[in-house]
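Below, each chain spelled out in residue letters.
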Amino acid sequence: MIEIKNITKVYGSAGAEKVRAVDGISFTIKDGEFVAIMGPSGSGKSTLMHILGALDTPTSGTYHLDGKDVSSLTDEELAEIRRNHIGFVFQSFNLLPRTTVLRNVSLPLMYAGVKVEEREARAKAALVSAGFNESHFLHLSNQLSGGQIQRVAIARALVNNPSLILADEPTGNLDTRTGEIVLGTFQKLNRENGSTIILITHEPDVAMHANRIIHIRDGKIVEDKINPNPTKARTDTVDKI
Amino acid sequence: MTLSDIYHETSSALRANKVRSGLTMLGIVIGISSVIALIAIGNGAQSSIQSSIQSIGSNLIIVMPGATRTPGSIVSAGRGTAQSLTNEDATAIASQVSGVVAADPEVSSNKQVTFQGTNTRTTILGTGDQYPTVRNLQIADGSYFTQNQITSLARVAVIGPTVVTDLMATGTEPVGQEIVIGGDTFTVIGVTVAKGGSGFTNQDDQIFIPLTTAQQLFTGNKYLSTISVEADNTNDMAAVQADITTLLLGRHSISNPTNADFSTINQADIAATASGITQTFTILLAAVAGISLLVGGIGIMNMMLTTVTERTREIGLRKAIGAKKSDISTQFLVEAVSLTFIGGGIGVALGILASYLVTTFGGITTSVTSSSVILAFCVSAGIGIIFGYYPARRAASLNPIEALRYE
Ligand SMILES: Nc1ncnc2c1ncn2[C@@H]1O[C@H](COP(=O)(O)OP(=O)(O)OP(=O)(O)O)[C@@H](O)[C@H]1O
Ligand SMILES: [Mg+2]
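Keep in mind that this is a model prediction, so the values were computed, not measured.

About the criteria used
Residues numbered from 1 in each chain as written. Chains lettered and ligands numbered in written order. Predicted model: local features only at pLDDT ≥ 70, side-chain atom pairs only at ≥ 80, totals over all residues. Heavy atoms only, no water. Domains from an automatic or database assignment. Pairing = 2+ DSSP bridges. Helix = DSSP H or I, 4+ residues; strand = E, 2+ residues; numbered from the N terminus. Axes fitted to C-alpha atoms, helices over the stretch in contact; angles between N-to-C directions. Contact = heavy atoms within 4.5 Å. 1 Å grid on protein atoms, 1.4 Å probe; cavity = no way out; pocket = protein on both sides within 12 Å on 5 of 7 lines; lining within 4 Å. Points joined across faces, edges and corners; volume = space filled by probe spheres on them. Buried < 20%, exposed > 50% of the residue type's maximum accessible area, 1.4 Å probe, protein only. Near = heavy atom within 4 Å. Polar contact = N/O pair within 3.5 Å; in protein donor to acceptor, adjacent residues only side chain to side chain. Areas by Shrake-Rupley, 256 points an atom, 1.4 Å probe, with all protein chains shown as cover. Phe/Tyr/Trp six-rings, centres within 6.5 Å; stacked < 30°, edge-to-face > 60°. Nonpolar A, V, L, I, M, F, W, Y, C, P; charged D, E, K, R; others polar. Donors = N, O, S within 2.8 Å, 3.2 Å for Na, K, Ca; no water. pLDDT = per-residue confidence, 0-100. Expected span 1.5 Å × (residues − 1). Patch = residues over 30% accessible without salt bridge, like charges linked within 9 Å, V, L, I, M, F, W, Y side chains within 5 Å. Salt bridge = Lys/Arg side-chain N within 4 Å of Asp/Glu carboxyl O.

Draft legend 1. Layout of the domain arrangement of chain B. Segmentation of chain B into domains returns domain 1 (3–52 + 273–405) and domain 2 (83–260). Between domain 1 of chain B and domain 2 of chain B, the C-alpha centre-to-centre distance is 55 Å.

Here it is in structure tokens:
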């Protein structure tokens, strides 16, 4: 369960012009929710996401994750949460350069202490559920197309079976069909594993797959509504794989 | 992270920048190999000096005329200049001091020596018949002169191998030849075994003649330039030395030991002085090599800092997907230590090779000791840890998002 109260994030040091990227946002997201966050460019979506992912600290406000005050956690405890509970898909993907697809995806498993023999199987399963073609598993990360990179980044976020998946525009570079595969995977994880999913998107079509949609503008929530009829991703493609 | 993960991460990181890793390693290679080679040269010098000190005799005490000086200066001072020791002193030492195996009186002078038109200038040593025993002198050919020949002032000579090569054509049998020393004709009756040149004096470039003959022909008096005494065993050296001093003070009627007209020195003192000198020499060499090692270490730190800066985004990513601080710092520390370890290994091999080449082509004795190899290894690992620690810590404490945004 995520509870944030009056979170702000102000960039810029004293004197210089300050940017209030996140400006007093509060909400609660219960376990098992599938939330889409929408908003224009520069509205503070990524900044908020980094705070939710325990990657960045807010300037003010409180953040409780599963009842724990994140600001009070040590470096080690934060690393443990990122390692075992959160899967993060970055807007700019961030794969390790000159490293194979398979190794990129198994990296979180290495830090989680998963046995070597088990890593490969789990990484392959995650890549398949992200719609990644098996023939490219041993390609290096700098030999991939934009869409392929995006799917590797998604697979890496899924590989450690996180209870919270944070995805920053995960379908931005994907064609509709591959986008559907990814959204279908998210819905399946949400439905079958009860994973909490928060995804950022510009596209209303994509947002309609979520159960709840939050609109942000200039760092503030302008709308927070339940989506009564989420679009079902065409899972036939997922099942085929 | 398992060991194989760390190995994989490290080797791929080092391989990603082969040239830079290689150059950084080169600093350590040069540092370690010069430490090994220079210490080997220092040790070699030490052991060759020690063995040449051993070769002048065993349990040797040397008595010289003149006032007491420090052990180091006695060796080089013009010995035999003062006139205070006599044949009788030598006889008295041999007969009256307990623990003495033999005491041999000697006079030395420098003379022109000619043989069938060839000539050389060398040291002429008049000795008693005990000289070969006391000074570890071995005869290769012929024999040393006897007490009878000494008593009869025989004109016989035992010559060193260098003298043989200086004077005689190769293939000449030296024994039986007549040589002229300072105008007087001597018959060669023996040739000594080569001891090898050592330090400043060449022990092979000497001619030995009976003491009495030398005193009669060359010095014209009864005084000695040295008495060489061989003690029974090493433990009694100090006691024997003290007894000799007491005996001679009595014989020369000197009551205050500080006014002694002779001085004694034992082999252990010479060895200690020489080893002190060579040790200083070794330390100096090691210090020079140590500086190059330090420079190599700074090279490692420089490279690791560059690497950390270059890979800031990667570090941010690793932390974002759950790497602990210790995972990151271990990774960078292992990278630094591997560089120094591989560099250290190559350095040790090169250092041993260099010492071998110095011995083969430079003719200088070297000795690579296992302790210097172990030292070099520990130092190189230590350099990796010390100079890798700071960059590793820096990498580990980066904030993940700031690191990811780093351009
Ligand atoms: N490190 C930073 N330093 C200064 N300003 C920043 C920093 N990161 C973000 N900002 C500013 O904060 C605001 C919000 O940025 P953010 O990346 O959260 O936007 P976004 O909603 O994700 O936009 P987009 O849809 O384009 O990804 C922007 O005005 C941006 O310029
Ligand atoms: Mg963004």
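Draft legend 2. Layout of the sheet that holds strand β10 (residues 220–226) of chain A. Residue and element names in this part refer to chain A. In space, the six strands of this open sheet follow the order β6-β7-β8-β3-β9-β10, with mixed pairing throughout. Edge strands, defined here as strands with exactly one partner in the open sheet, are β6 (86–89) and β10. Sheet twist, expressed as the mean angle between neighbouring strand axes with direction ignored, is 15 degrees. Where strand β3 (residues 34–38) lies against strand β9 (residues 212–217), four bridges are found, and the strand directions are parallel. Bridged to Ala36 within β9 is Ile213. Packed onto the sheet, helix α6 (residues 176–193) meets β3, β7 (164–168) and β8 (196–200) and runs at close to 150 degrees relative to β8.

Draft legend 3. The arrangement of empty space enclosed by the protein in detail. Per the counting criterion, the structure on display carries three cavities of 30 Å³ or more. Here the largest cavity defines a volume of roughly 100 Å³. Taken together, Gly53(A), Leu55(A), Arg82(A), Ile86(A), Gly87(A), Phe88(A), Pro108(A), Arg156(A), Ala157(A), Asn160(A), Ala320(B) and Ile321(B) make up the lining of the largest cavity. Counting only elements with at least two residues in the lining of the largest cavity, the list comes to β6 and α5 (146–158) of chain A.

Draft legend 4. A look at unusual backbone geometry. A positive phi angle, near 50 degrees, is found at Asn6(A), a position not held by glycine. Checked against the element boundaries, Asn6(A) lands in strand β1 (residues 2–11). A residue is classified by how much of its surface remains accessible, and Asn6(A), at 51% relative accessible area, is exposed. In this model, Asn136(B) sits at a positive phi of 55 degrees, which is unusual for a non-glycine residue.

Draft legend 5. Quick peek at the site of ligand 1. If you check the shell around ligand 1, you find 14 residues, and the closest are Ser41(A), Lys45(A), Ser46(A), Thr47(A) and Gln91(A). More than one chain approaches ligand 1, the contributing ones being chains A and B. Here an oxygen atom of ligand 1 and a side-chain polar atom of Ser41(A) are 2.5 Å apart. Measuring from an oxygen atom of ligand 1, one finds a backbone N or O atom of Gly42(A) at 2.9 Å. If ligand 1 stood free it would expose 640 Å²; the protein chains cover 69% of that surface. Mapped onto the shell around ligand 1, the elements with two or more residues apiece are β2 (19–29) and α1 (45–52) of chain A.

Draft legend 6. Region of the structure containing the side chain of Asn190(A). Positionally, Asn190(A) belongs in helix α6. Not counting residues within four places of it along the chain, the set of residues in contact with Asn190(A) comprises Gly32(A), Glu33(A), Phe34(A), Ser195(A), Ile197(A) and Asn211(A).

Draft legend 7. Fine view of the packing of aromatic side chains. Residues and elements named next belong to chain B. Inspection of the entire model under this criterion finds seven aromatic pairs over all chains. Between Tyr131 and Phe208, the aromatic rings sit 5.3 Å apart at their centres with planes inclined by 45 degrees, giving tilted as the arrangement. Note that Tyr131 is positioned in helix α5 (residues 131–134) and Phe208 in strand β8 (residues 206–210), a separation of 77 residues in sequence. Judged by its relative accessible area of 4%, Tyr131 falls in the buried class. Given a relative accessible area of 0%, Phe208 falls into the buried group. Each residue in the set Tyr131, Tyr144, Phe145 and Phe208 is aromatic and connected to the rest through ring pairs, giving one cluster.

Draft legend 8. The layout of surface pockets, seen in detail. Its boundaries defined by the atoms lining it, the second largest pocket holds a volume of some 570 Å³. Along the wall of the second largest pocket there are 29 residues; nearest its centre are Pro97(A), Arg98(A), Thr99(A), Arg311(B) and Glu314(B). Those elements giving two or more residues to the lining of the second largest pocket turn out to be α3 (101–111) of chain A together with α1 (3–16), α10 (267–310), α11 (312–320) and α12 (325–362) of chain B. Broken down by element, the lining of the second largest pocket gets its largest block of residues, six residues, from α1(B). Residues belonging to the lining of the second largest pocket are distributed by class as follows: eleven nonpolar, eight polar and ten charged.

Draft legend 9. The arrangement of the coordination of the magnesium ion (ligand 2) in detail. Looking at the metal site, the magnesium ion (ligand 2) is ligated by Ser46(A) (OG) and Gln91(A) (OE1), spaced 1.9 to 2.2 Å from it. Remark: Gln91(A) occurs in the loop between β6 and α3 and Ser46(A) occurs in helix α1; sequence separation between them is 45 residues.

Draft legend 10. Examining the confidence of the model for chain B more closely. All names here are of chain B. For chain B, the mean per-residue pLDDT works out to 85, and 95% of the residues sit at or above 70. Taken element by element, the predicted model of chain B shows its lowest mean pLDDT in helix α3 (residues 71–76) (45) and its highest in strand β5 (residues 156–159) (94). Below a pLDDT of 50 lies the segment residues 69–80, which in the model reaches 13 contacts outside its immediate sequence neighbourhood of four places, other chains included. Both scores are available for the predicted complex, with the pTM at 0.72 and the ipTM at 0.91.

Draft legend 11. Focus on α1(B). Its 14 residues place the ends of α1(B) 20 Å apart at the C-alpha level, agreeing with the 20 Å of an ideal helix rising 1.5 Å per residue. Along α1(B), the positions that sit buried rather than exposed are Asp5(B), Ile6(B), Glu9(B), Thr10(B), Ser11(B), Ala13(B) and Leu14(B). Tucked into the core, α1(B) has its buried residues touching α3 and α4 (116–129) of chain A together with α2 (18–55), α11 and α12 of chain B.

Draft legend 12. Representation of helix α8 (residues 211–219) of chain B in the model. All names here are of chain B. Burial in α8 covers these residues: Leu211, Thr213, Ala214, Gln215 and Phe218. Elements that come into contact with the buried residues of α8 comprise α4 (87–96), β2 (100–115), β3 (118–127), β6 (178–181), β7 (184–192) and β8. Positive backbone phi, approximately 70 degrees, marks Gly220, located one or two places after α8.

Draft legend 13. Highlighting the environment of Gly126(B). Residues and elements named next belong to chain B. By the secondary structure assignment, Gly126 is in strand β3. Between the alpha carbons of Gly126 and Ile150 there is a distance of 9.7 Å; along the sequence they are 24 residues apart. With residues up to four places along the chain from it excluded, the contact list for Gly126 reads Pro105, Glu106, Val107, Ile209, Pro210, Leu211 and Ala214.

Draft legend 14. View of a nonpolar patch on the surface. All names here are of chain B. Together, Ile342, Ile346, Leu350, Leu353, Tyr356, Leu357 and Phe361 make up a nonpolar patch on the protein surface, roughly 710 Å² of accessible area in all. Among the structural elements, Ile346 can be located in helix α12. Residue classification places Ile346 among the partly exposed positions, given a relative accessible area of 40%.

Draft legend 15. Region of the structure containing the confidence of the model for chain A. Across chain A, pLDDT averages 90, with 97% of residues at or above 70. Note that pLDDT drops below 50 for residues 237–241 of chain A; the model gives that stretch seven contacts with residues more than four away or on any other chain.

Draft legend 16. Region of interest: the pattern of salt bridges. In the structure shown here, the tally under the stated rule is 20 salt bridges over all chains. Between Arg318(B) and Glu9(B) there is a salt bridge, and its shortest N-O distance comes to 2.7 Å. On the criterion of sequence distance, the pair formed by Arg318(B) in helix α11 and Glu9(B) in helix α1 is long-range, its members being 309 residues apart. With a relative accessible area of 4%, Glu9(B) lands in the buried category. Salt bridges here are not isolated pairs; linked through shared partners, they connect Arg103(A), Glu9(B), Arg311(B), Glu314(B), Arg318(B) and Glu335(B).

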